Amino acid sequence: MKARSIPVRSPEITPEIMLRAYAAGIFPMAETADDPNLFWVEPEQRGVIPLDRFHLASRLARTVRSERFEVRIDSDFEAVIEACAESRPDRPETWINHRIRAIFGALFRIGHVHTVECWREGRLVGGLYGLALGGAFFGESMFHRETDASKVALVHLVARLRQGGYSLLDAQFQTAHLAQFGTQEVPRAAYQRLLERALAAPGDWAIWSPGRILRGPEAVAAIEAGGQA
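Attention here is on the structure that accompanies the text. (Residues numbered from 1 in each chain as written. Predicted model: local features only at pLDDT ≥ 70, side-chain atom pairs only at ≥ 80, totals over all residues. Heavy atoms only, no water.)

## Quick word on the packing of helix α2 (residues 58-66) against helix α8 (residues 216-224)
Part 1 of the argument: Put simply, α2 and α8 touch, their axes get as near as 6 Å, and they point 140 degrees apart. With respect to α8, the element α2 is oriented oblique. Residues Ala-61, Val-64 and Arg-65 of α2 lie in contact with α8, whose contacting residues are Gly-216, Pro-217, Ala-219, Val-220 and Glu-224.
Part 2 of the argument: Taken together, the residues of the contact of α2 with α8 break down into five nonpolar, one polar and two charged. (Axes fitted to C-alpha atoms, helices over the stretch in contact; angles between N-to-C directions. Helix = DSSP H or I, 4+ residues; strand = E, 2+ residues; numbered from the N terminus. Parallel < 35°, antiparallel > 145°, perpendicular 65-115°, else oblique. Contact = heavy atoms within 4.5 Å. Nonpolar A, V, L, I, M, F, W, Y, C, P; charged D, E, K, R; others polar.)

Quick look at the structure:
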(Lines give C-alpha, C1' and ligand atoms only; values in the text may rest on other atoms or scores of the structure.)
Protein backbone atom coordinates (compact mmCIF):
# COMPACT_ATOMS: atom_id res chain seq x y z
CA MET A 1 0.00 0.00 0.00
CA LYS A 2 1.39 3.38 -1.01
CA ALA A 3 0.85 6.38 1.22
CA ARG A 4 2.52 9.59 2.24
CA SER A 5 3.64 9.48 5.87
CA ILE A 6 4.14 12.69 7.81
CA PRO A 7 5.61 12.52 11.35
CA VAL A 8 3.49 14.13 14.07
CA ARG A 9 5.84 16.54 15.81
CA SER A 10 3.31 18.15 18.12
CA PRO A 11 3.51 16.68 21.64
CA GLU A 12 -0.26 17.04 22.00
CA ILE A 13 -3.03 16.35 19.53
CA THR A 14 -6.34 17.87 20.54
CA PRO A 15 -9.72 16.63 19.33
CA GLU A 16 -9.95 19.76 17.18
CA ILE A 17 -6.63 19.00 15.46
CA MET A 18 -7.73 15.42 14.83
CA LEU A 19 -11.03 16.52 13.28
CA ARG A 20 -9.24 19.00 11.03
CA ALA A 21 -6.86 16.25 9.91
CA TYR A 22 -9.70 13.92 8.95
CA ALA A 23 -11.44 16.75 7.14
CA ALA A 24 -8.24 17.23 5.14
CA GLY A 25 -8.06 13.54 4.23
CA ILE A 26 -5.30 12.33 6.56
CA PHE A 27 -5.37 10.05 9.59
CA PRO A 28 -2.89 8.96 12.32
CA MET A 29 -1.13 5.66 12.87
CA ALA A 30 1.72 4.37 15.01
CA GLU A 31 4.39 1.87 14.03
CA THR A 32 3.53 -0.38 16.98
CA ALA A 33 1.42 -0.28 20.13
CA ASP A 34 4.54 0.49 22.17
CA ASP A 35 5.72 3.34 19.93
CA PRO A 36 4.86 6.68 21.60
CA ASN A 37 5.00 8.50 18.27
CA LEU A 38 2.41 9.00 15.57
CA PHE A 39 2.54 9.83 11.89
CA TRP A 40 -0.11 11.18 9.54
CA VAL A 41 -1.06 8.94 6.62
CA GLU A 42 -2.46 10.00 3.25
CA PRO A 43 -2.88 6.97 0.95
CA GLU A 44 -2.46 7.37 -2.79
CA GLN A 45 -5.33 4.90 -3.19
CA ARG A 46 -8.06 5.14 -0.56
CA GLY A 47 -10.27 2.20 0.38
CA VAL A 48 -13.94 3.20 0.21
CA ILE A 49 -17.03 1.05 0.79
CA PRO A 50 -19.81 2.43 -1.46
CA LEU A 51 -22.84 2.71 0.78
CA ASP A 52 -25.25 2.45 -2.15
CA ARG A 53 -23.53 -0.68 -3.50
CA PHE A 54 -22.61 -2.53 -0.32
CA HIS A 55 -22.42 -6.24 -1.12
CA LEU A 56 -24.35 -8.26 1.44
CA ALA A 57 -23.91 -11.98 0.77
CA SER A 58 -26.99 -14.12 1.32
CA ARG A 59 -25.26 -16.26 3.96
CA LEU A 60 -24.24 -13.20 5.97
CA ALA A 61 -27.74 -11.74 5.58
CA ARG A 62 -29.15 -14.92 7.13
CA THR A 63 -26.70 -14.62 10.01
CA VAL A 64 -27.70 -11.00 10.65
CA ARG A 65 -31.41 -11.88 10.51
CA SER A 66 -30.88 -14.80 12.93
CA GLU A 67 -29.76 -12.35 15.64
CA ARG A 68 -27.06 -14.66 16.87
CA PHE A 69 -25.52 -11.56 18.45
CA GLU A 70 -27.00 -8.71 20.42
CA VAL A 71 -25.86 -5.52 18.67
CA ARG A 72 -25.20 -2.46 20.82
CA ILE A 73 -24.14 1.04 19.84
CA ASP A 74 -21.63 3.15 21.79
CA SER A 75 -21.96 1.11 24.98
CA ASP A 76 -18.30 0.22 25.71
CA PHE A 77 -15.74 2.16 23.69
CA GLU A 78 -12.81 1.20 25.93
CA ALA A 79 -13.49 -2.52 25.53
CA VAL A 80 -13.79 -2.18 21.76
CA ILE A 81 -10.56 -0.28 21.21
CA GLU A 82 -8.77 -2.61 23.64
CA ALA A 83 -9.91 -5.60 21.59
CA CYS A 84 -8.98 -3.90 18.32
CA ALA A 85 -5.48 -3.29 19.68
CA GLU A 86 -4.88 -6.93 20.65
CA SER A 87 -2.27 -8.85 18.68
CA ARG A 88 -3.53 -11.77 16.61
CA PRO A 89 -1.84 -14.59 14.68
CA ASP A 90 -2.58 -12.76 11.41
CA ARG A 91 -1.56 -9.39 12.89
CA PRO A 92 1.10 -9.66 15.60
CA GLU A 93 1.65 -5.88 15.66
CA THR A 94 -0.99 -3.17 16.00
CA TRP A 95 -0.88 0.52 15.07
CA ILE A 96 -3.14 1.51 18.00
CA ASN A 97 -0.90 3.02 20.67
CA HIS A 98 -1.60 4.93 23.89
CA ARG A 99 -1.89 8.31 22.13
CA ILE A 100 -4.47 7.00 19.68
CA ARG A 101 -6.47 5.42 22.50
CA ALA A 102 -6.43 8.68 24.46
CA ILE A 103 -7.44 11.00 21.61
CA PHE A 104 -10.13 8.69 20.28
CA GLY A 105 -11.44 8.31 23.81
CA ALA A 106 -11.76 12.08 24.01
CA LEU A 107 -13.50 12.17 20.62
CA PHE A 108 -15.88 9.43 21.80
CA ARG A 109 -16.83 11.49 24.81
CA ILE A 110 -17.77 14.49 22.65
CA GLY A 111 -19.75 12.38 20.18
CA HIS A 112 -17.49 12.10 17.13
CA VAL A 113 -16.31 8.51 17.66
CA HIS A 114 -18.73 5.60 17.69
CA THR A 115 -18.76 1.87 18.22
CA VAL A 116 -20.88 -0.96 16.87
CA GLU A 117 -20.62 -3.96 19.18
CA CYS A 118 -21.68 -7.61 19.00
CA TRP A 119 -22.42 -9.30 22.31
CA ARG A 120 -23.38 -12.87 23.13
CA GLU A 121 -24.24 -14.21 26.54
CA GLY A 122 -22.91 -11.06 28.17
CA ARG A 123 -19.54 -11.16 26.36
CA LEU A 124 -18.22 -8.70 23.79
CA VAL A 125 -17.37 -10.97 20.85
CA GLY A 126 -16.85 -8.52 17.99
CA GLY A 127 -17.21 -4.96 16.86
CA LEU A 128 -15.69 -1.88 15.30
CA TYR A 129 -15.09 1.78 15.93
CA GLY A 130 -14.70 4.84 13.76
CA LEU A 131 -15.01 8.59 13.52
CA ALA A 132 -18.07 10.44 12.20
CA LEU A 133 -17.67 13.89 10.67
CA GLY A 134 -20.40 15.51 8.59
CA GLY A 135 -21.71 12.88 6.21
CA ALA A 136 -18.52 10.81 6.37
CA PHE A 137 -17.69 7.87 8.60
CA PHE A 138 -14.04 6.87 8.88
CA GLY A 139 -13.75 3.22 9.87
CA GLU A 140 -10.73 2.72 12.11
CA SER A 141 -10.54 -0.91 13.20
CA MET A 142 -12.64 -4.00 13.79
CA PHE A 143 -12.20 -7.31 15.60
CA HIS A 144 -13.95 -10.61 16.20
CA ARG A 145 -13.73 -13.32 18.82
CA GLU A 146 -16.50 -15.40 17.25
CA THR A 147 -17.13 -16.18 13.59
CA ASP A 148 -18.94 -13.41 11.68
CA ALA A 149 -19.13 -11.06 14.68
CA SER A 150 -17.18 -8.24 13.00
CA LYS A 151 -19.09 -8.76 9.74
CA VAL A 152 -22.42 -8.44 11.54
CA ALA A 153 -21.17 -5.23 13.16
CA LEU A 154 -20.23 -3.87 9.73
CA VAL A 155 -23.68 -4.67 8.33
CA HIS A 156 -25.32 -2.81 11.20
CA LEU A 157 -22.94 0.11 10.65
CA VAL A 158 -23.82 0.34 6.96
CA ALA A 159 -27.54 0.15 7.74
CA ARG A 160 -27.22 3.04 10.20
CA LEU A 161 -25.13 5.15 7.84
CA ARG A 162 -27.49 4.63 4.93
CA GLN A 163 -30.56 5.36 7.03
CA GLY A 164 -28.84 8.42 8.54
CA GLY A 165 -27.98 9.99 5.19
CA TYR A 166 -24.21 9.47 5.21
CA SER A 167 -22.53 9.41 1.80
CA LEU A 168 -18.99 8.20 2.55
CA LEU A 169 -17.69 5.15 4.40
CA ASP A 170 -13.90 5.40 4.43
CA ALA A 171 -12.12 2.08 4.99
CA GLN A 172 -8.64 3.67 4.66
CA PHE A 173 -7.07 0.77 2.74
CA GLN A 174 -8.39 -1.98 0.51
CA THR A 175 -7.94 -5.46 2.00
CA ALA A 176 -8.95 -8.95 0.92
CA HIS A 177 -11.35 -9.07 3.87
CA LEU A 178 -13.08 -5.81 2.93
CA ALA A 179 -13.16 -6.61 -0.80
CA GLN A 180 -16.02 -9.06 -0.23
CA PHE A 181 -18.26 -6.12 0.71
CA GLY A 182 -17.57 -4.18 -2.47
CA THR A 183 -14.71 -1.99 -1.26
CA GLN A 184 -13.11 0.06 -4.01
CA GLU A 185 -9.79 1.83 -4.29
CA VAL A 186 -10.21 5.53 -5.08
CA PRO A 187 -7.32 7.79 -6.20
CA ARG A 188 -6.41 10.60 -3.82
CA ALA A 189 -7.92 13.39 -5.94
CA ALA A 190 -11.22 11.54 -6.43
CA TYR A 191 -11.33 10.73 -2.72
CA GLN A 192 -10.93 14.40 -1.85
CA ARG A 193 -13.98 15.22 -3.97
CA LEU A 194 -16.01 12.50 -2.25
CA LEU A 195 -14.87 13.80 1.13
CA GLU A 196 -15.76 17.41 0.35
CA ARG A 197 -19.28 16.41 -0.69
CA ALA A 198 -19.72 14.27 2.41
CA LEU A 199 -18.57 17.01 4.78
CA ALA A 200 -21.03 19.46 3.20
CA ALA A 201 -24.06 17.26 3.94
CA PRO A 202 -24.09 16.03 7.57
CA GLY A 203 -25.43 12.61 8.42
CA ASP A 204 -27.51 11.68 11.45
CA TRP A 205 -25.84 9.00 13.56
CA ALA A 206 -28.79 9.00 15.97
CA ILE A 207 -31.36 8.15 13.27
CA TRP A 208 -31.84 5.08 15.43
CA SER A 209 -31.28 6.02 19.05
CA PRO A 210 -28.13 4.52 20.63
CA GLY A 211 -30.21 2.89 23.36
CA ARG A 212 -32.41 1.08 20.88
CA ILE A 213 -31.39 -2.46 19.95
CA LEU A 214 -31.83 -2.65 16.19
CA ARG A 215 -33.19 -6.00 15.08
CA GLY A 216 -31.24 -7.99 12.53
CA PRO A 217 -34.08 -8.11 9.97
CA GLU A 218 -34.35 -4.30 10.19
CA ALA A 219 -30.65 -3.87 9.43
CA VAL A 220 -30.86 -6.15 6.40
CA ALA A 221 -34.03 -4.40 5.19
CA ALA A 222 -32.36 -0.99 5.45
CA ILE A 223 -29.57 -2.18 3.19
CA GLU A 224 -31.73 -4.03 0.71
CA ALA A 225 -34.15 -1.11 0.43
CA GLY A 226 -31.43 1.47 -0.08
CA GLY A 227 -31.82 2.95 3.38
CA GLN A 228 -35.56 3.46 3.11
CA ALA A 229 -36.65 0.80 5.62
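And the narrative resumes.
## Thoughts on the sheet that holds strand β7 (residues 123-133)
Part 1 of the argument: Strand order in the open sheet formed by seven strands is β5-β6-β7-β8-β9-β4-β10, with mixed pairing between adjacent strands. Looking at the sheet topology across the chains shown, the edges are occupied by β5 (70-73) and β10 (184-187). Averaged over neighbouring strand pairs, the angle between their axes works out to 35 degrees when direction is ignored.
Part 2 of the argument: Where strand β8 (residues 136-144) lies against strand β9 (residues 168-172), three bridges are found, and the strand directions are parallel. Within the sheet, the bridge partner assigned to Phe-137 lies in β9 and is Leu-169.
Part 3 of the argument: The strands touched by helix α3 (residues 77-84) within the sheet are β6 (113-120), β7 and β8, with β7 carrying the most contacts at an inclination of about 100 degrees. (Pairing = 2+ DSSP bridges.)

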